[in-house]
Amino acid sequence: MSKEIYENPDLKKERQNCPFNKEEITHLLDGGKEKTIERKQLENYILSDEQLKDAVPMEYLSHADKYAEELRKACLLMHKLADSPAGQVPTLRALMGAGLGSAVLKEGNPLALHYVMFIPALMGQGTIDQQAKWLEKAYNLNMIGTYAQTELGHGTFLRGLETRATYDPKTQEFILESPSLTAYKWWPGSLGKTANYAVVMAQLYTKGKCEGTHPFMVQLRDEETHEPLPGIVNMWLNPVCISSYIHYGTYVKPTNSKLSYATMVFVRVVVCQDVTTNLRKAVTIATRYSCVRRQSELKPGDREPQVMDYQAQQNKLLPPLAATFAFQLAADHLWNLYHTANNNIEQGDLELLPDLHGLSCALKALCSSEAANFVEVCRQSCGGHGYMSCSNFPRIYGQVTAAETYEGENTVLWLQVARYLVKTRKEQSGGLSVKYLIGEEKGPKTVDTTLEGIVKLYRRAAVGLVDVAIAELDKSGRKGEAPHDAWNHAAVYLIKAAQAHARLFVVESFVDSLKEGKLSAPVRTVLSQLCELFIIYWLLERSGDFFLCSNLTKQDLLLLNSKYVELLAAIRPQAVNLVDSFDLRDEVLNSPLGCWDGNVYQRLFDEAAKSPLNQSNVHESFHKYLKPLLKSNL
Ligand SMILES: CC/C=C\C/C=C\C/C=C\C/C=C/C(=O)SCCNC(=O)CCNC(=O)[C@H](O)C(C)(C)COP(=O)(O)OP(=O)(O)OC[C@H]1O[C@@H](n2cnc3c(N)ncnc32)[C@H](O)[C@@H]1OP(=O)(O)O
Ligand SMILES: Cc1cc2nc3c(=O)[nH]c(=O)nc-3n(C[C@H](O)[C@H](O)[C@H](O)COP(=O)(O)OP(=O)(O)OC[C@H]3O[C@@H](n4cnc5c(N)ncnc54)[C@H](O)[C@@H]3O)c2cc1C
């Protein structure tokens with residue numbers, strides 16, 4: 001007799017009479033029906049392998065055992081690549097970061113940097129000959145690389161990196177050295193125990209002149225023994241300059257000195273998708289749990305309600321739910337720009353490089369910071385159980401907050417965006433964002449609270465805040481302040497302008513995607529409600545920006561607030577169906593709170609039972625420490 005599949009009755013009720021086709025949304029997020037089929041086949045292929053399952057929860061292993069266990073599984077995954085039903089590249093993409101890979105490698109993939117940074121650096125900056133020499137070796141895993149840029153003393157200020165690569169024309173070699181403790185490469189993933197090669201960013205010196213930071217291929221460890229090569233600690237020998245600009249001893253300047261920063265741009269684009277995947281996981285866990293959890297009393301004398309029926313809970317969870325769609329659609333637009341810009345750059349056309357830099361900095365900073373805030377709200381919305389390690393919120397939060405720092409600390413990236421905006425506004429030069437800057441609304445500043453009217457408000461805020469920042473810079477200039485001082489003293493305004501610009505890009509992406517998308521009426525309805533909820537939510541959260549730059553009134557704000565709470569109520573009935581549309585398997589969610597069947601309490605209990613401390617009634621430490629204390633009559 002087939003085993004009855006348990007489904008929590010409240011979740012079951014939530015799923016009845018869904019007014020839209022969940023699979024249509026799944027296909028939209030996957031990039032089409034075929035992609036969904038491919039993803040599910042790959043998930044079955046990976047998650048059915050018993051050797052990839054953890055014998056004990058990772059949190060109970062020592063640091064060294066965690067590393068060894070993750071490396072064991074990462075290597076097993078690589079062996080499975082060859083037979084993957086999805087092909088190598090889609091499989092690799094799925095195994096890195098917060099998606100399928102995180103279901104197997106819960107503490108992180110020791111080989112991630114090899115694929116996410118080392119190989120992209122070779123592809124983006126290596127010469128044809130260098131790619132011929134190293135790419136096949138890297139793809140065949142005959143070498144494991146990382147990206148070693150950050151030092152103890154410098155991570156942000158690349159022009160301040162201390163590692164030096166001095167070119168010796170006699171031997172036609174580069175001598176790499178870390179001249180000080182603060183020059184030691186610090187933070188690069190896999191550098192400690194896994195990688196035997198690295199792309200090292202170092203200041204290139206030739207003929208006594210510093211030519212700025214450049215990438216160098218450096219062998220770190222013996223390929224057989226894995227022992228660090230002699231002198232690897234503070235003097236690295238025999239590196240090779242990647243995409244060498246040394247031609248017969250003479251340095252030839254690249255067309256753009258920032259092309260050596262290209263790998264970071266690529267990862268910033270990747271990070272936008274990755275933090276969105278993590279946010280999707282957090283929202284799914286919190287939403288399902290909030291429909292299983294019954295607590296307190298809404299109507300006196302009634303049964304305890306589902307906590308999702310509290311407006312306060314909807315206010316916590318529905319904006320992040322909407323954000324997952326907003327960030328996904330914006331990340332898709334950014335990917336398209338990345339591919340266009342990269343193809344142009346390969347033809348020597350660098351015109352889109354500033355736009356790509358500006359937008360990738362803006363979106364990476366916005367998506368990572370907003371996702372981090374939203375993940376914490378999701379965690380809090382689950383009360384005490386959200387605080388447990390097994391809820392998976394601590395791990396998700398750790399991964400998303402890391403993205404606020406790596407690949408360019410967010411504040412620094414906001415200032416890069418501001419630099420781009422001020423320059424674009426002042427020069428009225430070409431470029432993507434000029435659409436928002438020159439295309440400002442020329443019409444009357446009256447406010448209408450339709451979707452189009454709200455988007456116009458975002459455009460006014462994006463342009464207006466750039467003008468406020470420029471006015472601050474000009475005021476400082478008139479006081480005789482040097483440009484760098486004026487810039488520093490306008491930082492608060494500059495960052496506001498950059499953030500408003502990033503939010504405008506996300507809002508326009510969401511609205512445009514719904515306009516252009518071939519969607520069924522029911523899906524369009526629910527996604528339009530999410531879009532309107534999200535853009536009103538952000539406006540209410542940042543109302544000061546809009547008061548500063550438009551004729552928004554108190555009445556308008558009250559009207560928008562009423563619209564917002566109406567949308568909360570309208571979307572509430574579809575919350576579970578929307579997160580079900582993400583089609584995230586329980587193994588990817590990795591949380592008793594978010595499991596599809598809603599069997600939360602039994603799964604929590606089973607997780608707790610796995611703790612080593614719960615394998616005996618009295619832990620040995622009692623006899624060593626507590627019992628003597630109890631007897632000591634202090
Ligand atoms: C699937 C897996 C998913 C997720 C996991 C992903 C990865 C795994 C986990 C972790 C990996 C983490 C890796 C790292 O963290 S690697 C190290 C990252 N470090 C950084 O990002 C450093 C940040 N700092 C910088 O980028 C630069 O120092 C900064 C841009 C802040 C300043 O550079 P610089 O001082 O040289 O330039 P400026 O004087 O400010 O500007 C001059 C000029 O150049 C333009 N510019 C700057 N950067 C770029 C760029 N990248 N591309 C294009 N153009 C650039 C800038 O706009 C100025 O132009 P203009 O105004 O016209 O003069
Ligand atoms: C999980 C993780 C993984 C990482 N992986 C790698 C890797 O694989 N390879 C690698 O090379 N690096 C890696 N890093 C390092 C990372 O790239 C750096 O930490 C990051 O670039 C920030 O630099 P920093 O640590 O020097 O911070 P700092 O720049 O020292 O930041 C400290 C403070 O100074 C502020 N600040 C700095 N400059 C300015 C400015 N111009 N204006 C205003 N404020 C400023 C910052 O906003 C911040 O508040 C990783 C980091 C983490 C957390």
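Everything quoted here is computed from the prediction, not taken from an experiment.

## Observations concerning the overall build of the protein
Right, on to step 1. Helix and strand counts for the protein stand at 25 helices and nine strands.
Right, on to step 2. Relative to the compact-globule value of 26 Å for 634 residues, the protein shows a C-alpha radius of gyration of 27 Å, a close match.
Right, on to step 3. Seen through its C-alpha atoms, the protein measures out along the principal axes to roughly 90 × 75 × 65 Å.
Right, on to step 4. Counting the 634 residues in the protein, one finds 50% classified as buried.
Right, on to step 5. If you take every contact in the protein between residues at least 6 apart in sequence, the share linking residues at least 24 apart comes to 73%.
Right, on to step 6. Taken as a whole, the protein presents about 29,900 Å² of accessible surface, with 55% of it coming from carbon and sulfur.
Right, on to step 7. Averaged over its 68 positive side-chain charges, the protein has a centre that lies 3 Å from the centre of its 72 negative ones.

## A short note on the site of ligand 1
Right, on to step 1. The immediate surroundings of ligand 1 are formed by 28 residues, with Thr156, Lys258, Tyr261, Arg419 and Lys423 found nearest.
Right, on to step 2. A distance of 3.4 Å is found between a nitrogen atom of ligand 1 and a side-chain nitrogen or oxygen belonging to His357.
Right, on to step 3. Note that an oxygen atom of ligand 1 is positioned 2.8 Å from one of the side-chain N or O atoms of Gln416.
Right, on to step 4. Isolated, ligand 1 exposes 1,300 Å² of accessible area, and the fraction of that covered by the protein chains is 82%.
Right, on to step 5. Taken together, the elements giving at least two residues each to the shell around ligand 1 come down to α7 (112–125), α9 (262–292), α11 (353–380) and α14 (410–427).

## Here's the deal with the site of ligand 2
Right, on to step 1. For ligand 2, the set of nearby residues contains 18 residues, the closest of which are Tyr147, Thr150, Gly155, Thr156 and Glu409.
Right, on to step 2. Within the side chain of Thr150, an N or O atom sits 2.7 Å from a nitrogen atom of ligand 2.
Right, on to step 3. In the model, an oxygen atom of ligand 2 is placed 2.5 Å from a nitrogen or oxygen of the Thr156 side chain.
Right, on to step 4. A total of 970 Å² of accessible area belongs to ligand 2 in isolation, and the protein chains cover 60% of it.
Right, on to step 5. The class makeup of the residues in the shell around ligand 2 is eight nonpolar, eight polar and two charged.

## As for the UniProt feature "domain: Acyl-CoA oxidase C-alpha1" (unreviewed entry) in the protein
Right, on to step 1. Sites flagged by UniProt as "domain: Acyl-CoA oxidase C-alpha1" (unreviewed entry) map to residues 261–422.
Right, on to step 2. End C-alpha atoms of residues 261–422 are separated by 22 Å, and the span's content is 76% helix alongside 0% strand.

## Here's the deal with the pairing of strand β1 (residues 145–148)
Both faces of the sheet carry side chains from a regular strand, because those side chains alternate between them.
Right, on to step 1. In β1, alternate side chains face the same way, and those of Gly145 and Tyr147 on one face and Thr146 and Ala148 on the other are all buried.
Right, on to step 2. Here four bridges tie β1 to strand β4 (residues 197–206), and the two strands are oriented parallel to one another. Bridge pairing in β4 links Thr146 to Ala198.

## Side note on a positive patch on the surface
Right, on to step 1. Residues Arg159, Lys258, Arg419 and Lys423 make up a contiguous surface patch of positive charge.
Right, on to step 2. Secondary-structure assignment places Arg159 in the loop between β1 and β2 (164–168).
Right, on to step 3. Overall, Arg159 belongs to the exposed group, its relative accessible area being 63%.

## Here we look at the UniProt feature "domain: Acyl-coenzyme A oxidase N-terminal" (unreviewed entry) in the protein
Right, on to step 1. Within the UniProt annotation, "domain: Acyl-coenzyme A oxidase N-terminal" (unreviewed entry) is assigned to residues 21–144.
Right, on to step 2. For residues 21–144, helix accounts for 66% and strand for 0%, while the C-alpha atoms at its two ends are 44 Å apart.

## Some thoughts on the state of the cysteines
Right, on to step 1. Under the defined criterion, the tally for this structure stands at zero disulfides.
Right, on to step 2. In this model Cys531 remains outside any disulfide bridge; the closest cysteine sulfur is found in Cys367, 15 Å from its own.
Right, on to step 3. Residue Cys531 is classed as buried on the basis of its relative accessible area of 0%.

## Regarding the packing of helix α18 (residues 491–516) against helix α19 (residues 521–541)
Right, on to step 1. With their axes 10 Å apart at the nearest point, α18 and α19 run at an angle of 165° to one another. Judged by the angle between their axes, α18 and α19 are roughly antiparallel. Here the hand of the crossing between α18 and α19 comes out left-handed. Across the interface between the two elements, Arg503, Val506, Val507, Phe510, Val511, Leu514 and Lys515 from α18 touch Arg524, Leu527, Ser528, Leu530, Cys531, Phe534, Ile535 and Trp538 from α19.
Right, on to step 2. The residue makeup of the contact of α18 with α19, split by class, is eleven nonpolar, one polar and three charged.

## A closer look at the pairing of strand β5 (residues 209–219)
Right, on to step 1. Here β4 pairs with β5 via nine bridges, running antiparallel. Across the sheet, the residue bridging to Tyr197 is Gln219, located in β5.
Right, on to step 2. In textbook terms, the turn of a hairpin is the stretch between consecutive antiparallel strands, and for β4 and β5 this stretch comprises two residues, one of which, Lys207, has a positive phi near 50°.

## A short note on the pattern of salt bridges
Right, on to step 1. Per the counting criterion, the structure on display carries 35 salt bridges.
Right, on to step 2. The partner of Arg425 in a salt bridge is Asp467, and the shortest N-O contact between them spans 2.8 Å. Here the residue Arg425 occupies a position in helix α14, and Asp467 occupies one in helix α16 (residues 451–478), the gap between them amounting to 42 residues.
Right, on to step 3. Arg425 sits in the buried class, given a relative accessible area of 12%.
Right, on to step 4. Residue Asp467 is classed as partly exposed on the basis of its relative accessible area, which comes to 30%.
Right, on to step 5. Across the pair Glu587 and Arg585 runs a salt bridge, and its minimum N-O distance is 2.9 Å.

## Thoughts on the packing of aromatic side chains
Right, on to step 1. Under the criterion given, the structure shown has 13 aromatic pairs.
Right, on to step 2. Look at Phe266 and Trp335: their rings are 6.0 Å apart centre to centre, the planes differ by 65°, and that puts the pair in the edge-to-face class. One end of the pair, Phe266, is in helix α9; the other, Trp335, is in helix α10 (residues 311–346), and 69 residues separate them in sequence.
Right, on to step 3. With a centroid separation of 6.1 Å and 80° between ring planes, the pair formed by Phe327 and Phe534 is classed as edge-to-face. Here Phe327, found in helix α10, pairs with Phe534, found in helix α19; they are 207 residues apart in sequence, far enough to count as distant.

## Things to note about the nonpolar core
Right, on to step 1. With 179 residues, the main nonpolar core has Ile46, Phe325 and Phe534 as its most contacted residues.
Right, on to step 2. Leave out the neighbours within four places in its chain, and Phe325 touches Ile25, Leu29, Phe510, Leu527, Leu530, Leu578 and Phe582.

## Let's talk about the environment of Lys518
Right, on to step 1. Mapped onto the secondary structure, Lys518 falls in the loop between α18 and α19.
Right, on to step 2. Judged by its relative accessible area of 84%, Lys518 is exposed.
Right, on to step 3. Put simply, Lys518 and Pro85 are 433 residues apart on the chain and 29 Å apart in space, counted from C-alpha to C-alpha.

## So, α16
Right, on to step 1. Here α16 is 28 residues long and its end C-alpha atoms lie 40 Å apart, about the 40 Å a rise of 1.5 Å per residue gives.
Right, on to step 2. Following α16 by one or two positions, Gly480 adopts a phi angle in the positive range, close to 90°.

Analysis parameters
- Each chain has its residues counted from 1, following the order in which its sequence is written.
- Labels are handed out in written order, letters beginning with A for the chains and numbers beginning with 1 for the ligands.
- Thresholds applied to this predicted model are a pLDDT of at least 70 for local features of residues and 80 or more for the giving and counting of side-chain atom pairs; totals over whole chains, interfaces and linings are not thresholded and use all residues.
- Side-chain figures throughout are based on the complete set of non-hydrogen atoms in the structure, without hydrogens or water.
- In this text, helices come from DSSP runs of H or I with a minimum length of four residues, and strands from runs of E with a minimum of two, each type numbered from the N-terminal end.
- In this description the radius of gyration comes from C-alpha coordinates, and the expected globular size is given by 2.2 Å times residues to the power 0.38.
- The cut-offs for exposure are 20% and 50% of the maximum accessible area for each residue type, with area from a 1.4 Å probe on protein chains only; residues under the lower value are buried, those over the upper are exposed, and the others partly exposed.
- Contacts were defined at the residue level, with two residues in contact if any of their heavy atoms lie within 4.5 Å.
- Residue exposure ignores everything except the shown protein chains as possible cover, and the areas themselves are Shrake-Rupley values with a 1.4 Å probe.
- Only four residue types enter the tally: Lys and Arg on the positive side, Asp and Glu on the negative side, with His and both chain ends excluded.
- To locate a charge, the coordinates of NZ of Lys, CZ of Arg, CG of Asp or CD of Glu are taken.
- If even one non-hydrogen atom of a residue comes within 4 Å of a molecule or strand, that residue is called near it.
- Here a polar contact is taken to be a pair of N or O atoms separated by no more than 3.5 Å, where protein atoms must pair a possible hydrogen donor with a possible acceptor and residues adjacent in sequence count only if both atoms sit in side chains.
- Three classes are used, and their members are as follows: Ala, Val, Leu, Ile, Met, Phe, Trp, Tyr, Cys and Pro are nonpolar, Asp, Glu, Lys and Arg are charged, and the others, Gly among them, are polar.
- UniProt positions are given in the numbering used here, feature names are shortened, and annotations may be inferred rather than shown by experiment.
- Pairing between two strands requires that DSSP report at least two bridges joining them.
- Each patch is built from residues that are more than 30% exposed by relative accessible area and take part in no salt bridge. Like charges join if they lie within 9 Å; nonpolar side chains (Val, Leu, Ile, Met, Phe, Trp, Tyr) join within 5 Å.
- Throughout this description, the term salt bridge denotes a Lys or Arg side-chain nitrogen within 4 Å of a carboxyl oxygen of Asp or Glu.
- The criterion for a disulfide is a pair of cysteine sulfur atoms lying within 2.5 Å.
- To obtain an axis, a line is fitted to C-alpha atoms, over the contacting stretch when the element is a helix, and the angle between two such axes runs from 0 to 180 degrees between their N-to-C directions.
- Here roughly perpendicular refers to angles of 65 to 115 degrees, roughly parallel to angles under 35, roughly antiparallel to angles over 145, and oblique to all remaining angles.
- Left-handed describes a crossing whose near helix is turned anticlockwise from the far helix by less than a right angle; the clockwise case is right-handed.
- When the centres of two rings from Phe, Tyr and Trp lie within 6.5 Å, Trp using its six-membered ring, the rings pair. Their planes under 30 degrees apart give stacked, over 60 give edge-to-face, and anything left gives tilted.
- Throughout, nonpolar core names a set of buried Ala, Val, Leu, Ile, Met, Phe, Trp, Tyr and Cys residues whose side chains join them through atoms within 4.5 Å.
- One less than the number of residues in a helix, times 1.5 Å, gives the span that helix is expected to have.

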